[in-house]
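# Reading the structure
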Amino acid sequence: MQSISEKKLIRKVIFASSVGTLIEWYDFYIFGSLAPIIASQFFPKTNPTAALLSTLATFAAGFIVRPFGALVFGRLGDKVGRKYTFLLTLVLMGGSTFAIGLIPGYEKIGFLAPMLVLLLRLIQGLALGGEYGGAATYVAEHAPSNRRGYFTSWIQTTATLGLLLSLGIILITRKSLATDPSDSIRVFEDWGWRIPFWFSVILVGMSIYIRLKMHESPMFTKLKAEGKTSVNPIKESLMHKANLKMVLLALFGATMGQGVVWYTGQFYAQTFMENTIKIDFEQTRTILICAIVVATPLFIFFGNLSDKIGRKWIIMVGLLSAVVLYRPIYHQMISVASVTDSQVDNSKSHIDRVLKPNTGNGYSLQNTTTFTVYENGITEKKIHVDTLYSSGIEKPQLADKVSKELPTNRYWMMVALIFLQILFVTMSYGPIAAFLVELFPTKIRYTSMSLPYHLGNGVFGGLTPFIAVLLGTMYTGDLLVGLWYPIIIAGFCLLIGSLYLSNKTDNNVND
Amino acid sequence: MNSIKKFFGIIWMLLGVGTYGILVKTALTQISIKPTTDTIVQWSIFVIIFLPITIGFLIFGWLAFKGAYDHLPSSSDEIV
């Protein structure tokens, strides 16, 4: 039984760790959520797809350096301590996020702009690589042995809540920069996108204040007092066969599958809704927000359940569900947003024209928005912009912007389909922090658990949207071709995990 | 069960070599179809980043084949 003071302490530990980690995820994801706008600001605009891919590459760069962050900060955390290491990662993350919001666009400073963005993105990736392992270790080393899954599952909610926060802040900012909604969007795309980056400074400041008040992990303090800390954590993690085999097993039997499931359910789903089935920007975000809000408590549920029945099979069932159900779910998503079998309802369809007059540039802009309403309730919005020069020459925009707005029933069907995908995320991700902590000894825990986590989640998972989009451009005949990447990776991980992992929970993490 | 684990060790090693070979071949094909900076950078990133992971997968397969996963450690004393 825990005393009241112990309960208070663990709550403070969870709060301090979770808030900081949530903010780091927020910082990391606003970049991904704003990828198309960042592409237009920092990369040459010759080809929109190339610009998007460049941004995704930068995005991927953020993920690829995460394992290096895991090694650098993991080593520091195992030598100096958990507390100061994850304070440092927070400062680095907050500073680089704020700085991205200050960089002038490509049109002003040329190639220096994308170079600076890339550099800061790499720092973000390094910082994130050091953060998660520290927070998970810190909480687990304070938690009672029979409730480790439950307490660390709060850390597991932070990645999803960080994404939720980033989507929410972006939506609010996008809507509140001018009284006219279309003006507000224009201002947002011009400079307002920087606000979510600046906002990070306030969040990080608060989190640093909270974390400074916390004490070092008791297990690490004891280890340090006894002079038993590791001299070379990286060497001990990767050069000792007994530990290396556990690092490899954690990667190939758990984290690589969990990584692709996480990024398919929450990132690829967003890209698919917006770019493939052309759902409206705001609806895409609110659908994701609704699904995340409903699904997030399940991280805690599965973390708690893992204390009772073991971690392995919960993670494996999550992977199995993803492997079996991804294609049917995405088929259904296409069908929910489809207008091919529906007639146009001419009585509700209309065209709006707005002329933005010449403001001294020598031209005016004419926005023509065609609203086509279908009998199944879907509204297709096509925006066409003409540039009207004072000389009388009209220059049409290169491509029309098409998006669909779903009616209420279809909107909630889409929420349910995204919820299902996040359910698989909560199963495979909820118990994983406790699972990783219990695999490794205290003196090299930070390094040993961070590396497989960030290789699995960062490299395998983080590259999911990028590889899926790339597969879509290589094999254009199949809209769902991008799903083969997460299905195959999760499938192999399921096989390896089922075969080699143990379902036994190691209650003693004091050694 | 242990003999299945060992047998699959061979499969993992073959799979590691085969998958990486396919990755390199696809990268070369895609670069030759469209030799732009974007294509070269993207595929080079994949080839470089998946090399150490493939080596890790080969080691994993080798360890499985040699029976290293027949018994998993039940305490940290068995690890360090």
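The written sequence of each chain sets the order in which its residues are numbered from 1. All chains are assigned letters beginning at A, and all ligands numbers beginning at 1, according to the order in which they are written. In keeping with the model being predicted, local features are shown solely for residues with a pLDDT of at least 70 and side-chain atom pairs are shown and tallied solely at 80 or more, while totals for entire chains, interfaces and linings include all residues.

Attention now goes to helix α7 (residues 112–140) of chain A. Given 3.6 residues to a turn, an α-helix orients residues that are three or four positions apart in the same direction. For α7(A), spanning 29 residues, the distance from its first C-alpha to its last is 43 Å, which sits close to the expected 42 Å at 1.5 Å a residue. Any residue surrounded by 20 or more other C-beta atoms within 10 Å of its C-beta is treated as buried, while 12 or fewer makes it exposed and the intermediate range makes it partly exposed; C-beta atoms here are placed from the backbone. The numbering of helices and of strands both runs from the N terminus, where a helix is a DSSP run of H or I of at least 4 residues and a strand a run of E of at least 2. Across the 29 residues of α7(A), 21 count as buried, placing the element largely inside the fold. Helix span, as expected, comes to 1.5 Å for every residue beyond the first.

Moving on, we come to helix α1 (residues 2–33) of chain B. For α1(B), with 32 residues, the first-to-last C-alpha span of 46 Å sits near the 46 Å given by 1.5 Å per residue. Those residues of α1(B) not exposed but buried are Gly9(B), Trp12(B) and Gly16(B).

Scored from 0 to 100, pLDDT records how confident the predictor is in each individual residue. Of all residues in chain B, 95% have pLDDT values of 70 or greater, and the mean over the chain is 89. Here the prediction assigns the complex a pTM of 0.88, and the interface score ipTM is 0.93.

The residue Gly462(A) is located in the loop between α19 (445–461) and α20 (464–474) in this model. The sequence separation of Gly462(A) and Thr368(A) amounts to 94 residues, and the corresponding C-alpha distance is 38 Å.

Moving on: the domain arrangement of chain A. Residue and element names in this part refer to chain A. Along its sequence, chain A is carved into domain 1 (4–337 + 407–500) and domain 2 (350–405). Each domain's extent was defined by an automatic or database domain assignment. For domain 1 and domain 2, the distance between their C-alpha centroids amounts to 38 Å. The interface of domain 1 with domain 2 comprises 8 residues on the first partner and 6 residues on the second. Contact definition: two residues whose C-beta atoms, as placed from backbone geometry, lie within 7 Å.

With that settled, consider the environment of Gly162(A). Residues and elements named next belong to chain A. Here glycine 162 lies in helix α8 (residues 148–175). For glycine 162, a count of 20 C-beta atoms within 10 Å corresponds to the buried category. Through-space distance from the C-alpha of glycine 162 to that of leucine 22 is 4.9 Å; in sequence the pair is 140 residues apart. Non-local contacts of glycine 162, meaning those with residues more than four positions away in its chain, are made with Leu22, Trp25, Tyr26 and Tyr29.

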